[in-house]
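# Report on the structure
Residue strings, one per chain:
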Amino acid sequence: MSRSLSFAQALDEAIAEEMRRDPKVIALGTEFTGKLVQQFGPQRARLTPISEAAFTGMGLGAAACGYRPIVNWRSVTFSFVAMDQIVNQASKIRYMLGGQADFPVTFRCTSGGGLGLAAQHSQSPYSIWMHLAGLKIILPSNPADAKGLLKSAIRDDNPVVSFECVRLNDAIAAVPEGDHLVPLGVAAIKRSGTDVSVVALGYYVQEALAVAQALARRGISVEVVDPRTLVPLDVSTIRDSVRKTGRLVVVDEAPPTCSAAAEITALVVEDAATFRALRAPVERVCGIGVPIPYSPPLERAALPDRERIEAAILRVLHEPASGSTRS
Amino acid sequence: MPIGKLESITAPARATARESPLMPREVPDPLPMLRQMLLIREFDERIIGLRAGGDIYGAIHPYVGQEAVAVGVCAALTRADRVTSTHRGHGHCIAKGADIKRMMAELFGRIDGYCKGKGGSMHIADFSVGMLGANGIVAGGLPLAAGAALAAQLDGKRQVAVCFFGDGAVAEGEFHETLNISALWSLPLVFVCENNLYGGSSPIDVQHRTTDIAVRAAGYGMPAVSIDGNDAMAVFEAARAAVDRAREGDGPSLIECRTYRWHFHNMLRATIPAETRPSTELAAWRARDPIARLASALLSRRTLTEEGLTAMRMQVRGDVDEAIAFAQASPFPGREALLEDVFAASCCHPARACGTHDE
Ligand SMILES: Cc1ncc(C[n+]2csc(CCOP(=O)(O)OP(=O)(O)O)c2C)c(N)n1
Ligand SMILES: [Mg+2]
């Protein structure tokens, strides 16, 4: 059984269920969505001052002392005010202290562009976090995964960062009833195909699916792989897909330099069997490497779109461009 | 250190101070101040409809209700002085002398905007008048202003810097770090806190144990006052004392302006957000309208006539009409603008330099 929920509702539901399930789960943030304070009281649903460095570190500290804090930065923009607590503390503390304690804290944030919010409020910096070793990262692409991944993140005994694409906020889709969990580190094949593998992240999973559907009408069979978590990354599902199709396009809105797309590409080409299966160079369809501009035509030009995804797929297939996704 | 009294920011009495061409007038002409407040209000009232209509994108944060702060403070500044602003920055821009045509073009995302359409409302800036930028980060502008103050101190040209920020920003580390270092180094800086009783939608007592912002300054060894931020002339007086002090090399000070925003915190889509604050509170503050207050003072002193006030209102309406027409006529930036401005002019293509492989 399932019902339709928006991405935002699915995330709210995940938090409420985990707080109900485990009294050690607490929430910290400058603002809450849903009815968290009414449901769980101001002791457990803590409204904070605008002090990201403090409440990020507090989440980590309380995690070491038996709690499971969910720290909501709101936009990932504001997490940068807490860089010390994330980079120097959260990502390293367990290892540095020889594994004496676990730090089951979940950091939530929205990410991505497309809403005309300009450079500071349109960032997708998950690769910065990936680089650190010590933070798990989830990046759901639909309401069901959002709920299932966030619930798993809260139950995980490590710091986990949940990136929630702003453009998915109002997306509505079926979410299973009950205690729906999606394990960390397991990718999902969102559409199977035989000609080309498209590994898409976050919001771009639905865009890749739309392109795949359009190309199916031309007899091109596209497989869409959604990693769902970036750390740990389900490399074997991605490699298996590429070994089957022989072609890879990676789609993400973050700029390509030192990105998740770069990491996925490297993991594919450095595996001998997968490398030998490749029949075309790998293509990355990423955001342009500039701070995201405000003006809508510039912002559109900076972010990937269906046209660019289709063009890249046709290039790896050596097919002439057709414009089937042009509207 | 005395706290909370106007006298606690004592301007040094130095004979030469007034002779500098950089100095503002001892008492500013209140008529241009009133006109500026009306212009800010008209501008920020009009953008609400323009955001709803889809001419403006992203987020807007109207400054309506707080006009006396920007105008009172900037009346104590010269063009050579510099300010940093916040997410609620249109008032500071206008008060510092920015051109509303280019501001409106920026909000419309057009090439003639101050930032060529790249920044929008939260990043509006006009370096030619010393407005160093609005900011999308709460408290992000404070260190930047201290940097401008450091430059001014090194230059020795008697310029000062002002940072505007909200009550919410006082909870950030950047506030505390910047107060400490600027007091330590006697930087020519004025901290202007616009205490509008809410940080976003959170009431001030959810944010702070000490809801008096001015008392924080004492811990860092700097004077502070808490004043009625809806009284433009009181703001000017406090700002002049703080600016004089800074200009004379006597260091920073903090002014807490008690005020209130009339509208929602921000507008992120076409619909106008519902009001969450108590209606009695809102009504009480609307009754303390900073514009009506200055206007009625001027009317009763006969510095202004009713006809003069009406003419001023018509004038600012016309100015904003013109700014909208200018913005509408300005083209959107072309695709080539996307890759420009990442780095200062250099030998390498900026997109290459940042590793972009644009097909
Ligand atoms: C570091 C940071 N955290 C959170 C936000 C989100 N945010 C934008 S404005 C705002 C409220 C700021 O309150 P205040 O400083 O009092 O200014 P006001 O909006 O009242 O003018 C918040 C929390 C932000 N922009 N930057
Ligand atoms: Mg405020």
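Please refer to the structure placed before this passage.
Residues numbered from 1 in each chain as written. Chains lettered and ligands numbered in written order. Predicted model: local features only at pLDDT ≥ 70, side-chain atom pairs only at ≥ 80, totals over all residues. Heavy atoms only, no water.

The helix and strand inventory of chain A stands at 13 helices and 14 strands. The C-alpha atoms of chain A give a radius of gyration of 20 Å, which matches the 20 Å a tight globule of 327 residues would have. C-alpha extents for chain A along the principal axes are approximately 60 × 40 × 40 Å. The buried share of chain A, taken over its 327 residues, is 59%. The contacts of chain A with a sequence gap of at least 6 include a subset with a gap of at least 24, amounting to 77%. Carbon and sulfur atoms provide 53% of the accessible area of chain A, an area that totals close to 12,400 Å². (Helix = DSSP H or I, 4+ residues; strand = E, 2+ residues; numbered from the N terminus. Rg over C-alpha atoms; globule rule 2.2 N^0.38 Å. Buried < 20%, exposed > 50% of the residue type's maximum accessible area, 1.4 Å probe, protein only. Contact = heavy atoms within 4.5 Å. Areas by Shrake-Rupley, 256 points an atom, 1.4 Å probe, with all protein chains shown as cover.)

All names here are of chain B. Listed in full, the buried residues belonging to helix α10 (residues 290-300) are P290, I291, L294, A295 and L298. The arc that holds every buried residue of α10, seen down its axis, measures 125°, which confines them to one face. Of the surrounding elements, those touching the buried residues of α10 are α1 (30-52), α2 (67-74), α8 (232-247) and α11 (306-329). The N-terminus of α10 is capped by D289, whose side-chain oxygen sits 2.9 Å from the backbone nitrogen of I291. Among the residues trailing α10, R302 stands out with phi positive, at a value near 65°. (Arc of directions from axis to C-beta. Polar contact = N/O pair within 3.5 Å; in protein donor to acceptor, adjacent residues only side chain to side chain.)

A separate point is the interface of chain A and chain B. When the parts of a complex come together, some accessible area is lost, and that lost area is often used as the size of the interface. Opposite the 33 residues of chain A that make contact, chain B presents 39 residues. Of the roughly 2,900 Å² buried where chain A meets chain B, counting both sides, 61% is carbon and sulfur surface. Of all residues in chain A, I50(A), Y294(A) and L298(A) give up the largest surface area on contact with chain B, accounting jointly for 24% of the area buried on that side. Counting across the chain A and chain B interface gives zero salt bridges. Along the contact surface separating chain A from chain B lie seven residue pairs in polar contact (both at pLDDT 80 or more). Broken down by secondary-structure element, the contributors of at least two residues to the side of chain A that touches chain B are α12 (296-302) and α13 (306-316) of chain A. No other element matches α12(A), which puts five residues into the side of chain A that touches chain B. Here the residues of the side of chain A that touches chain B are counted per class, giving 19 nonpolar, nine polar and five charged. (Buried area = accessible area lost by both parts, 1.4 Å probe. Salt bridge = Lys/Arg side-chain N within 4 Å of Asp/Glu carboxyl O. Nonpolar A, V, L, I, M, F, W, Y, C, P; charged D, E, K, R; others polar.)

On to the environment of V166(A). Tracing the backbone through its elements, the reader meets V166(A) in the loop between β7 (160-165) and β8 (172-176). The residues touching V166(A), leaving out its near neighbours within four places in the chain, are T110(A), S111(A), G112(A), G113(A) and L115(A).

Residue and element names in this part refer to chain A. If you walk across this open sheet you meet the seven strands as β3-β2-β4-β5-β7-β6-β12, and the pairing is mixed. The outermost strands of the open sheet, each flanked by one partner alone, are β3 (45-47) and β12 (229-231). This sheet shows a mean twist of 20° between the axes of neighbouring strands, independent of strand direction. Relative to strand β5 (residues 106-111), strand β4 (residues 68-75) is paired through five bridges, and the arrangement is parallel. For R74, the partnering residue across the bridge sits in β5 and is C109. Here helix α2 (residues 36-44) sits on the sheet in contact with β2 (25-29) and β3, set at roughly 75° to β3. (Pairing = 2+ DSSP bridges. Axes fitted to C-alpha atoms, helices over the stretch in contact; angles between N-to-C directions.)

In this section: the coordination of the magnesium ion (ligand 2). All names here are of chain B. Looking at the magnesium ion (ligand 2), the protein donor atoms are D167 (OD), N196 (OD1) and Y198 (O), and they sit 2.1 Å from it. If you list the donors of the magnesium ion (ligand 2) from N- to C-terminus, the spacing comes out as D-x28-N-x1-Y. Accessibility expressed as a relative area gives 5% for N196, which makes it buried. (Donors = N, O, S within 2.8 Å, 3.2 Å for Na, K, Ca; no water.)

Counting 101 residues, the largest nonpolar core has W73(A), Y126(A), F163(A), V222(A), L230(A), V249(A) and I313(A) as its most contacted members. Two domains each donate at least three residues to this core, and these are domain 1 (2-176) and domain 2 (188-318) of chain A. Leave out the neighbours within four places in its chain, and Y126(A) touches S111(A), I137(A), L139(A), F163(A), L201(A), L230(A), D252(A), E253(A), A254(A) and A260(A). One finds A68(B), C74(B), V235(B) and A242(B) within the second-largest nonpolar core, a separate group that totals 75 residues. (Core = buried A, V, L, I, M, F, W, Y, C linked by side-chain atoms within 4.5 Å. Domains from an automatic or database assignment.)

Next up on the list: the side chain of E172(B). Along the chain, E172(B) turns up in the loop between β2 (161-166) and α6 (173-184). Among residues more than four places away in sequence, those in contact with E172(B) are I50(A), S51(A), E52(A), V81(A), V138(B) and A139(B).

Quick look at the site of ligand 1 now. The immediate surroundings of ligand 1 are formed by 19 residues, with E52(A), H87(B), R88(B), G136(B) and G168(B) found nearest. Ligand 1 is flanked by residues contributed from chains A and B. In the environment of ligand 1, a nitrogen atom lies 2.8 Å from a nitrogen or oxygen atom belonging to the backbone of G136(B). Calculation on ligand 1 without its partners gives an accessible area of 580 Å², and the protein chains cover 94% of this total. (Near = heavy atom within 4 Å.)

Residue and element names in this part refer to chain B. Structurally, T305 can be placed in the loop between α10 and α11. Relative accessible area serves as the criterion here: at 42%, T305 is assigned to the partly exposed category. Sequence separation of T305 and A295 is 10 residues, and the distance between their C-alpha atoms is 9.3 Å. At 2.9 Å, the side chain of T305 forms a polar contact with the backbone nitrogen of G308.

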